[in-house]
Each structure stands twice: as structure tokens, then as C-alpha cells.
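Observations on the model geometry
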Amino acid sequence: MEGINYDQAKKDVYKGMLLLGAVTLIEVIVSLFGKGHLGFDPSGMTIIIGIVGFLLIALSLYKAYFIIYEFMHMGHEVKGLRMTVLLPMLLLVWAIIAFFNEGSAWKNRREKVIERNEMNADDKPVKEIGMIYEYPDWEIKKG
Amino acid sequence: MATDTTVQQHQEVHAQDEDNWSGGKQPFKVSYGKLMMWYFLLSDAFTFAGFLIAYGTLRFSSPSWPVPDFVFSTAPFGIHDAPLIFVTVMSFLLIISSVTMVRAVQEGHRENKNGVVFWMLLTIIGGAGFLGCQAWEWNNLIGTEHMTVLTNPFGTHIESGTYLEGDGVNISAGDTFDAGDSYLIHKHDGEWHQLAYKTDGGETLKQEFGPKSFGALFFFITGFHGFHVFSGVAFLVIIMLNAASGLYAERKNGYEMVEKIGLYWHFVDLVWVFVFLVFYLL
């Protein structure tokens, strides 16, 4: 707050409102484009959907930065305070990588479970590697 | 000689530094209350991050997931097929109420009592408006679309195909769909109507319910955020009344209490940025 006069600070706040509103609007448009609502359907195009996802996350992080630094005045706080609040957030980077990886692993395991359910009970595993059983190539017997 | 001065300067800086931490001073140049509000918000951020990461994990673990622009496409006044429009309005409400909160804090720095009360009142109206919108959204999902914590009627096709029967609303017999298209299973007179369809592979199947965790995560996470908004509004009302009574003017500390509730209120807006991203945009 110090060093900036009242009128300037007031102007900055309304500029901030327009900025956040504009970014939100862009996010919604990008999201609708990614879901094929704007005339062009990118479903199945991994690269475009990837870019859309990346844009949405980047814009949200920018909004978060703006709210913390401008509205909550984090930019005006002492470095020690900034670091004690912001550095612990880095722990989340690993949490996101680890848990999303785990989530995909559950999905793959689920496909394996369905596959196993279609096997005959008397099929014997040929060899055991740790917890995973290797089966020979066999046919699904129907009926 | 030159080296001596540098060493001396260094020691002086060091002594000053130690002095900051030896009591009687605020090393971070903020009051105890504001510092603790920051640390409370840090811990709250971890709670929300945990919930949102759980959402991501379960979404990654599901073979299909309801498409948000299909689930959230209804708005009040009979508007249908308007994907994300209502929730965008809700986001704007929170942004505007954040801005009015900044204005209240600025008026506090000028020791302007009437300004503080006026801008806090607008903030309260914004927060209450957001809660009203959320109540409408929940009512629509639970009452009209029959989604609950345990049932998720929003499913998603894994393969393309053709409907064999219609529901008399959006789908009629003969309509085709692609893999990844979402549908809503309707409930009439207490009975679910799961439509039959034929996949392009030739199989005849019935609409399946979507992943259960979708409903549970939605109500739990938006509910937890809504509860934050609700308690924020309650504290805003208390602090506005205190400000109006002249309590903070007497303290002559630049309306610090208004600054603290301001931090909390911006945090609620901040969390919504990510709830909006995860539930609605992606």
C-alpha cells in the first residue's frame, strides 16, 4: 500500500477486476472450444486437447498469482513471509504427479481384472514374478 | 582498511537481523493476527488441494467420466443447453465481491468508517448471491436431475452407436451418438429409465450409471467451498457491524480486522478459481 496514492490504488483495483473477468471469459471460451461447442470438434485430436488443457491450467495459475499478489498484497510482504507461505506449496507438485500416476494405474489394473474374470478357473499360471502371474497365450472359451 | 569496513558493515547488518528475531519486534512486519491468518490459509489450501487431487485421481482411474459441459448446462429461467454459462456468472460474482473487499480494505487504511461499511455490505451481497446461485445449482442437480452422493445418473458412452428407444425429452429412437458423448438417465415416478441402444459393433446394451464418485466428489468439494463462503459471509456481517459501531475506529490500527477477513475472502475466491478449473473447465 505504501508509496502508492489512494487514487492510483483505486484505479488498479478496477483494472484488476477487468483483467480477472477477461481471463475468466477467455477460459470459458477455450474450454467450450475444447469440448467442440464452437463449430469445430477437436475430439480425438490429442494435441489440440492437450493445448486446451495446458492453456486452462496456465490461465488459472495466472489468476491465482494475481489474486495472491495484488488483492492479498503478497507482493508487499517481507520475503520471509512470502517464502514461508509459498514454498510449502511446492510439496503439491509431487502429490499431483504421484496421485495422478496412481489413478491411471488403478484404471489399468481394472482392465486387467476384467480380463482375468473372463479366464477359466482351471487355467494355471505358468510362472510367478512377484505378485504378477504370467499366463500363456490362451483363447477365451465362450459358452 | 577497505576490508575492515565491509566486515564491519556485514556485522552491523547481521546484528540488525538478529535484533529482529530477539523479541519485541515483528520480523515479518505484520501483526500476529495477520501472520496467523496467512498460515491458516496455507493449511486450508492443503485441505482443498487434497480434495481436488483426490478428484483428479478418481477421474484418472475411471474408464469414463461425465462431460462437465453436458452436466452443467442448465441455468435458471428455463435455460437449457447453455454449457457453463451459469457457473461463469457465479465466478464473476465472486470476482466482483473480491474487488469490493479490496475497496473496503483501502477505505480502512484511510480510516474512513462509512467507506468500509459500504464496501463490506456490497461484498456480503456478492457472497450471498453466490450462495443463492449454488443453492439453485444443487437443487437442480438433486431435485430435477436426481443426482445424489450415491447415485450418478450422468453416464458417458465408451463406443459409438444408435438408440433403440427415446426418452421423450432429448433423445428419440434412431438417434446416433459417438464415444465420449454423455447422457442423463431420467427418473419418472421413482423408476429409472435406462435406454437401450445398439453399438456400432452390433451389441445391444442399456445405459449404465456414471461413476458414483462423481456425485460424491461434486457435492463434497463444492459443499466444502460453499461452507467457506457461508462462514465468510457470517464473519463479514459481524465485522461490518463492529466497524459500523465504531469499534475499529477506536483501535486506530487501520481496520486490521477488515484486512484479516479480506485475506480470508480472497482465499475463498482463489479456491473457486481451482474448483472452477477442475470441475467445470477441464
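Because the structure is predicted, anything quoted here is derived from the model rather than measured.

Let's talk about the interface of chain A and chain B
Each partner contributes residues to the interface: chain A has 43 residues there, and chain B has 42 residues. Looking at the side of chain A that touches chain B, the elements that each hand over two or more residues are α1 (6–34), α2 (46–71), α3 (79–86) and α4 (91–117) of chain A. Take the side of chain A that touches chain B: its biggest share by element is 13 residues, from α1(A). Partitioning the side of chain A that touches chain B into residue classes produces 25 nonpolar, 11 polar and 7 charged.

Notes on the nonpolar core
As a rule of thumb, nonpolar side chains are buried together in soluble globular proteins. One finds A243(B), V258(B), V275(B) and F276(B) to be the most contacted residues of the largest nonpolar core, which totals 66 residues. Where this core is concerned, the elements lending two or more residues are α1 and α2 of chain A together with α2 (32–61), α4 (85–109), α5 (113–144), β4 (182–184), α6 (212–244) and α8 (256–281) of chain B.

Regarding unusual backbone geometry
Residue and element names in this part refer to chain B. Even without glycine at this site, L84 takes up a positive phi of about 65°. Inspection of the secondary structure assignment puts L84 in the loop between α3 (68–71) and α4. You can call L84 buried: it has 23 C-beta atoms within 10 Å.

A word on α2(B)
The end-to-end C-alpha distance of α2(B) is 43 Å, a good match for the 44 Å that 30 residues give at a rise of 1.5 Å each. Within α2(B), burial applies to M37(B), W38(B), L52(B), Y55(B), T57(B), R59(B) and S61(B). Elements that come into contact with the buried residues of α2(B) comprise α3 and α4 of chain A together with α6 and α8 of chain B.

Looking at the domain arrangement of chain B
Residue and element names in this part refer to chain B. Taken as a whole, chain B is organised into domain 1 (41–149 + 213–281) and domain 2 (154–206). Spacing between the C-alpha centres of domain 1 and domain 2 amounts to 35 Å. Listed as interface residues are 11 residues of domain 1 and, on the opposing side, 6 residues of domain 2. Broken down by class, the residue content of the side of domain 1 that touches domain 2 amounts to 8 nonpolar, 2 polar and 1 charged.

Focus: the pairing of strand β7 (residues 196–199) of chain B
All names here are of chain B. In terms of strand pairing, strand β2 (residues 161–163) meets β7 through 3 bridges, oriented antiparallel. Bridged to G161 within β7 is T199. The sheet contact formed by β7 and strand β8 (residues 204–206) spans 3 bridges and is antiparallel. Paired with K198 across the strands is T204, a residue of β8. Connecting β7 to the antiparallel partner β8 that follows it, the hairpin turn spans 4 residues, and G202 within it adopts a positive phi of roughly 100°.

Concerning α4(B)
In an α-helix, one turn spans 3.6 residues, which is why side chains three or four residues apart end up on the same side. Over its 25 residues, α4(B) extends 37 Å from the first C-alpha to the last, a length consistent with the 36 Å expected when each residue adds 1.5 Å. The buried fraction of α4(B) is high, at 20 of 25 residues.

Things to note about the sheet that holds β2(B)
Read across the sheet, 4 strands follow the order β3-β2-β7-β8 (chain B) without closing on themselves; strand pairing throughout is antiparallel. Edge positions in the sheet fall to β3 (176–177) and β8 of chain B, since each has one partner strand and no second.

Structural notes on the packing of α2(B) against α8(B)
Residues and elements named next belong to chain B. For the pair α2 and α8, the least separation of the axes is 11 Å and the interaxial angle reads 15°. The orientation of α2 with respect to α8, classified from their angle, is roughly parallel. Considering the relative orientation of α2 and α8, their crossing is right-handed. When α2 is examined against α8, the residues G33, K34, M37, W38, L41, D44, F48, L52, Y55 and G56 are found in contact with a partner set consisting of E256, E259, K260, L263, Y264, F267, V271, F274 and V278. Partitioned by chemical class, the residues of the contact of α2 with α8 number 12 nonpolar, 2 polar and 5 charged.

What about the confidence of the model for chain A?
Residues shown with low pLDDT carry predicted positions that ought not to be read at fine detail. Taken residue by residue, chain A gives an average pLDDT of 83. The fraction at 70 or more is 81%. Within chain A, the element-level pLDDT minimum falls on strand β1 (residues 127–129) of chain A, averaging 54, and the maximum on α2(A), averaging 94.

Some thoughts on the packing of α1(A) against α4(B)
The N-to-C vectors of α1(A) and α4(B) enclose an angle of 165°; their axes lie 10 Å apart at closest approach. On the basis of their axis angle, the class for α1(A) and α4(B) is roughly antiparallel. Handedness of the α1(A)/α4(B) crossing: right-handed. Counting all contacts with α1(A), which are made through A9(A), K10(A), V13(A), G16(A), M17(A), L20(A), G21(A), T24(A) and V28(A), the residues of α4(B) involved are T88(B), S91(B), F92(B), I95(B), I96(B), V99(B), V102(B), R103(B) and Q106(B). Its residues placed into classes, the contact of α1(A) with α4(B) shows 10 nonpolar, 6 polar and 2 charged.

A look at the environment of A105(A)
Position of A105(A) relative to the elements: it lies in helix α4. When the C-alpha positions of A105(A) and N117(A) are compared, they lie 18 Å apart, and in sequence the two are 12 residues distant.

Cut-offs and rules
- Residues numbered from 1 in each chain as written.
- Chains lettered and ligands numbered in written order.
- Predicted model: local features only at pLDDT ≥ 70, side-chain atom pairs only at ≥ 80, totals over all residues.
- Contact = placed C-beta atoms within 7 Å.
- Helix = DSSP H or I, 4+ residues; strand = E, 2+ residues; numbered from the N terminus.
- Nonpolar A, V, L, I, M, F, W, Y, C, P; charged D, E, K, R; others polar.
- Core = buried A, V, L, I, M, F, W, Y, C linked by C-beta atoms within 7 Å.
- Buried ≥ 20, exposed ≤ 12 C-beta atoms within 10 Å, placed from the backbone.
- Expected span 1.5 Å × (residues − 1).
- Domains from an automatic or database assignment.
- Pairing = 2+ DSSP bridges.
- Axes fitted to C-alpha atoms, helices over the stretch in contact; angles between N-to-C directions.
- Parallel < 35°, antiparallel > 145°, perpendicular 65-115°, else oblique.
- Left-handed = near helix turned anticlockwise from the far one by under 90°.
- pLDDT = per-residue confidence, 0-100.

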